[in-house]
Amino acid sequence: MALDAETFDALIDTVRRFVAERLRPLEAQVEADDAIPADIVDAMKDMGLFGLSIAEDYGGLGLTMVEEARVAIELGRTTPAFRSAFGTNVGIGSQGLVMAGTPEQKTAWLPRIASGEVVTSFALTEPDVGSDSGAVRARAVRAEDSNGADVYRLSGTKRYITNADRADLFTVMARTGDDPGARGVSAFLVPRDLPGVSVGEPEKKMGQKGAKVADVHFDDVPVPVANRLGAEGEGFRLAMRVLDRGRLHIAAVCVGVAERLIADSVAYALERKQFGKAIGEHQLIQAMIADSKTEALAARALVLDAADKKDRGEDVVLESAAAKYFASEMVGRVADRAVQIYGGAGYIADHGIERLYRDVRLFRIYEGTSQIQQLIIARETMKRGG
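Residues numbered from 1 in each chain as written. Predicted model: local features only at pLDDT ≥ 70, side-chain atom pairs only at ≥ 80, totals over all residues. Heavy atoms only, no water.

Draft legend 1. Region of the structure containing the packing of helix α8 (residues 235-271) against helix α9 (residues 283-311). Orientation of α8 relative to α9, taken along the N-to-C sense of each, is 155°, at an axis distance of 9 Å. When the interaxial angle is binned, α8 and α9 end up roughly antiparallel. Of the two possible hands of crossing, α8 and α9 adopt the one that is left-handed. Residues R245, L248, A251, A252, V255, A258, E259, I262, V266 and A269 of α8 form the contact with α9, whose own contacting residues are I285, I289, S292, K293, A296, A299, R300, V303, A306, A307 and K310. Partitioned by chemical class, the residues of the contact of α8 with α9 number 15 nonpolar, one polar and five charged. (Axes fitted to C-alpha atoms, helices over the stretch in contact; angles between N-to-C directions. Helix = DSSP H or I, 4+ residues; strand = E, 2+ residues; numbered from the N terminus. Parallel < 35°, antiparallel > 145°, perpendicular 65-115°, else oblique. Left-handed = near helix turned anticlockwise from the far one by under 90°. Contact = heavy atoms within 4.5 Å. Nonpolar A, V, L, I, M, F, W, Y, C, P; charged D, E, K, R; others polar.)

Given below as structure tokens:
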């Protein structure tokens, strides 16, 4: 259920001021330290950001998809690493539980996820399985533990798992049946403290410093049967539903980053002088600003339209893929133009433009590459007949 207009406007205003006054001044520090300050994470918890998408019955804010997208746009106006601190709790790390969890599972986990007490991760990608996500090799075999209790023995490795270094709970996709394809995949809630769970060292990345990814290893982990999400063989379909929703959130963040880059570019173009006048008076600079603004407006409209359709209960597989594809490609072009407008200064770390240029590159890869989005868009368009 949507918040009333006054309450939601207050939330947007609070997030906007938080970004401007608390987060943006810390961007260079986060880049240097590769970490989000603990007091900022605590402030995010206090604001309810860890529970944006979780129902009020479980302690969250219960935002609609449109409301969540609008908040994500505001959060996009700073380094994406800040949003990643709670992004898995809002999106892929919690939504499998929201969509397919039993009442007992939801009661046990969702209030703590919404408060930020528990950090979640989504474990799908593997060393040899990326875009072909229906081919996961991690396996969960039905067995008994040492006390005779019914469990699944989970073994395998997951790669590039966001927030793995901090996660308390993993949603893991693993093969349970003989079917070698997507229908043999099931989903499980796997607490970090189960024996046999270990997390590797965080990877060194091109950008988004402060948002960690790491391998997660499962060595004969005894996962209680009660921790399975949905029936056996439903894991891949659940993962795709989770990603459909997550793609809208990521697309909204891309819009926010683009709007930040455009605002910074305009400010610089009005201040910087060449050939006796502000560079913003030169038509080729204006052309780059015009192209960036037009594409950002188009992406915003696409994201909010798709979010509205999702709130109305419509099938948005195509729309969420299109939004993620267009918005992630768009922000890359906007970032490239921003570097060009800044010229040599754009290549230097002081202005932060080169940092955002590196940060946005990831948007075209995770939660489905641009090429996967193209395949989904084409498949769904043909299915709909145009």
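Draft legend 2. Structural context of the packing of α9 against helix α10 (residues 317-342). Their axes nearest at 9 Å, the elements α9 and α10 cross at an angle of 160°. In terms of their interaxial angle, α9 and α10 are classed as roughly antiparallel. Crossing hand, α9 versus α10: left-handed. Counted by class, the contact of α9 with α10 contains 16 nonpolar, two polar and six charged residues.

Draft legend 3. Main features of the pairing of strand β3 (residues 150-162). Strand direction decides the pairing type here: strand β2 (residues 139-144) and β3, joined by six bridges, are antiparallel. Its bridge partner being in β3, R139 is matched across the sheet by S155. Where β2 folds back on β3, the antiparallel hairpin that results is connected by five residues, among which G148 adopts a positive phi of roughly 85°. Across nine bridges, β3 lies against strand β7 (residues 213-224) in antiparallel orientation. If you follow T162 over to β7, its bridge partner there is V213. (Pairing = 2+ DSSP bridges.)

Draft legend 4. Looking closely at the pattern of salt bridges. Taken as a whole, this structure holds 30 salt bridges when the rule is applied. For E259, the salt bridge identified is with R300, shortest N-O distance 2.9 Å. Placement of the pair is E259 in helix α8 and R300 in helix α9, with a sequence separation of 41 residues. The exposure class of E259 is buried, given its relative accessible area of 16%. The residue E380 makes a salt bridge to R379 at a minimum N-O spacing of 3.2 Å. (Salt bridge = Lys/Arg side-chain N within 4 Å of Asp/Glu carboxyl O. Buried < 20%, exposed > 50% of the residue type's maximum accessible area, 1.4 Å probe, protein only.)

Draft legend 5. Quick peek at α10. Its 26 residues give α10 an end-to-end C-alpha distance of 38 Å, which sits within 8% of 38 Å, the value for a rise of 1.5 Å per residue. Of all 26 residues that make up α10, 21 are buried, and the element is covered over most of its length. (Expected span 1.5 Å × (residues − 1).)

Draft legend 6. Seen up close, the nonpolar core. Within the largest apolar cluster, 41 residues are counted, with the highest numbers of intra-cluster contacts made by V257, L261, V303, M330, V331 and F363. Broken down by element, the residue count for this core peaks at 13 residues, all from α8. With sequence-adjacent residues up to four places away left out, M330 is seen in contact with C254, V255, A258, E295, A296 and A299. Ranked by size, the runner-up nonpolar core spans 26 residues in total, among them F18, V41, A43 and L52. (Core = buried A, V, L, I, M, F, W, Y, C linked by side-chain atoms within 4.5 Å.)

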